[in-house]
Amino acid sequence: MDSYEARVHSAFPDGKPDVRDPRVLAWLIRRNGLEMTHLSRGSHIGSIFSVAEIMAVLYSGVLNVRPEDPRWPERDRLILSKGHAGSAVYSALAETGFFPVEELKEHYANGSRLSGHVSHKGVPGVEVSTGALGHGLAIGAGLALGAAMDGKSWRTVVVLGDGECDEGAVWESALQAAQYGLDRLIAVVDYNHMQSLDFVDRTLRLEPFEAKWRDFGWRAESCDGHDTDALKAAFGRAWEGAGSGRPSVILAHTVKGKGVSFMENNILWHYRTPQGEEYEAALRELEAQRP
Amino acid sequence: MRDAFVRALLREMEKDSRVVLVTGDLGFGVLRPVKERFPDRLINAGIAEQSMVGLAAGLAMTGRRVVVYSIGNFPTLRPLEQIRNDCAYHALDVKIVCVGGGFVYGSLGMSHHATEDMAVMRAIPGITCFTPGDPAETEAAVPVMFATPGTCYLRLGRGNEPRAHEGEITGWVFPQAVRLRAGKDIALLSAGGILIELKRAAERLAEKGIEAEVVSFPCLKPIDRGTILDLARRYGDIITVEEHGITGGFGSAVCEVIAESGSGCRVHRLGLKDCFATEVGDQAYLRHRYGMDADAVAELAERLVRK
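Residues numbered from 1 in each chain as written. Chains lettered and ligands numbered in written order. Predicted model: local features only at pLDDT ≥ 70, side-chain atom pairs only at ≥ 80, totals over all residues.

> What is the right way to look at the overall build of chain B in this model?
Helix and strand counts for chain B stand at 11 helices and 12 strands. Radius of gyration (C-alpha) of chain B: 19 Å, near the 19 Å computed for a compact globule of 307 residues. Taken along the three principal axes of its C-alpha coordinates, chain B extends 60 × 40 × 35 Å. The proportion of buried residues among the 307 residues of chain B is 56%. Put simply, 77% of the contacts in chain B that link residues at least 6 apart link residues at least 24 apart. (Helix = DSSP H or I, 4+ residues; strand = E, 2+ residues; numbered from the N terminus. Rg over C-alpha atoms; globule rule 2.2 N^0.38 Å. Buried ≥ 20, exposed ≤ 12 C-beta atoms within 10 Å, placed from the backbone. Contact = placed C-beta atoms within 7 Å.)

Spelled out as structure tokens, the structure:
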């Protein structure tokens, strides 16, 4: 039987995908996400698929990180505050060389280090363990404040969920980050418009969302969260926010379950695990999109 | 205790530029010397305790040694998940400091009674819990806390409380209990600022010819098992006193050690018995009303000795 890595990489030339191309990395995050949730009978595939391009753009060049030296002091810090999409971080890290891709098959497995929600324990490249929502932005603000006090230029990026923005702690941190002028702190909201039970608009409405952040003192912009060029440009502007005295937020409009037709905008796929015919059908759709 | 803490904090900030203080918009007069001497290392997180602790975790990740300061339940119960997930799980150098353990802010009402904090903080893995009994123990414990790696909890009383110990405590060895008074008839144990009530009770008992040994536990976790086991060997009855509920706190910690040892010693826990203090009253009033003051301790001790 083929190794896990061979199964995911075999169709690429020489079995080596070019992960510097964000579209390739985003595809791999989805392909791994499908495989990992299938093998583990895990959940949250809809969130993994919606955040795929965001993570891909970050790890294919935006973040200044060194896979061979994960604790390099000058690295940019990434916190996946919506820790339930942990698979997306694990596969971005594995595909870019932080640890072997083969290990991804152990996601959720007894005795492995790749827990369902993202964990930093023993996993090279993961800064912070998350899973309880509303924690990441505060930690990110602390990192950015520490960097500012040290005169460092590295950035801190915090990826939030839209449902996560129900948490009051997110807005506490939004106030603090603006107050302290943390212009090297960048938040990205995976704005897939759905949360656990229903659409965001039918749960706790966030709109006018961009205006909220701006009123809190942030630089805010919206973009198509599946368009890697648009994301790259938005990150570029956020990076240039250093010196503005204001933190930046990118509202990345995405589709929950993006990439598999029957999962898209379908609340079922927040928790449902891809098995049997549904797994096969999802695999066929993803293979047809392989860059 | 508060002032002893601030003095020790200033010494630590003087010594190590990595020490920063994060406050939840509290400590106006108390923190003024910090603001004057180290304005760049005092961060006001606003009235936002969850993010205050998350922010502290992030700062600690940049190599800082972070002291989080607030009062009552605000630095513990409100941001509990941030303490557990962000500080303790990541083994970060964050020192959570509570001023106002127990009924210090008694007449302000139930919201300001910190009467479950020891139980809750002690339950979280990786958190070392300091519960000094008076200013002298605070002076001894705070430098030890700063030298203790990882996340710690420091439960303080108030400002200007009387000293229980006669002089300074020199050479305190973590996490040892501190004997305030020798005895032979019964042992009185406490953690935190209630210690003074035990001292007064022992003095009253002495007038009646009862010699009570008084032992304070400036460190709740890890707890000094050796001292507890030694006391359990020497006494048939031990009274624990805490300005706190009796569920899960200091008395429970003592019970755990003694129950596991197979000793026949009986533990009698004084503290809030699974209730809130609903009456209005200052610290002395509430200590009396809820049976944890010198009167209550002496009365129970005498009954046990004369039984």
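> Would you explain the pairing of strand 2 (residues 156-161) of chain A in this entry?
Where a strand is regular, its side chains alternate between the two sheet faces. Residues and elements named next belong to chain A. Judged by how many residues are buried, strand 2 sits mostly within the fold: six of six residues are covered. Alternating residues of strand 2 divide into Thr 156, Val 158 and Leu 160 and Val 157, Val 159 and Gly 161, and every residue in both groups is buried. Pairing analysis gives six bridges linking strand 2 to strand 3 (residues 185-191), with the strands arranged parallel. Residue Gly 161 lies in a different strand from strand 3, and its bridge partner there is Asp 190. Regarding the hand of the β-α-β motif, the stretch spanning strand 2, helix 7 (residues 168-179) and strand 3 is right-handed. (Pairing = 2+ DSSP bridges. Right-handed = clockwise from strand over helix to strand, strands pointing away.)

> Would you take a moment to explain the interface of chain B and chain A for this structure?
By a widespread convention, an interface's size corresponds to the accessible area lost as its parts come together. Facing the 20 residues of chain B at the interface are 18 residues of chain A. Elements with a minimum of two residues in the side of chain B that touches chain A: helix 3 (49-61) and helix 4 (80-88) of chain B. Here the side of chain B that touches chain A takes nine residues from helix 3 of chain B, the largest share from any one element.

> Mind showing me how you'd approach the sheet that holds strand 9 (residues 212-216) of chain B here?
Within a sheet, adjacent strands bond to each other through the backbone by hydrogen bonds, running parallel or antiparallel. Residues and elements named next belong to chain B. Taken in spatial order, the five strands of this open sheet run 7-9-8-11-12, and their pairing is mixed. Because the sheet does not close on itself, it has two edges, and the strands there are strand 7 (178-181) and strand 12 (266-272). On average, each strand axis in the sheet is tilted by 25° relative to the strand beside it, whichever way the strands run. The pairing of strand 11 (residues 237-245) with strand 12 spans six bridges and is classified as parallel. Directly across from Thr 240, in strand 12, lies its bridge partner Arg 269. (Axes fitted to C-alpha atoms, helices over the stretch in contact; angles between N-to-C directions.)

Treat this as a map of the structure, not an account of what it does.
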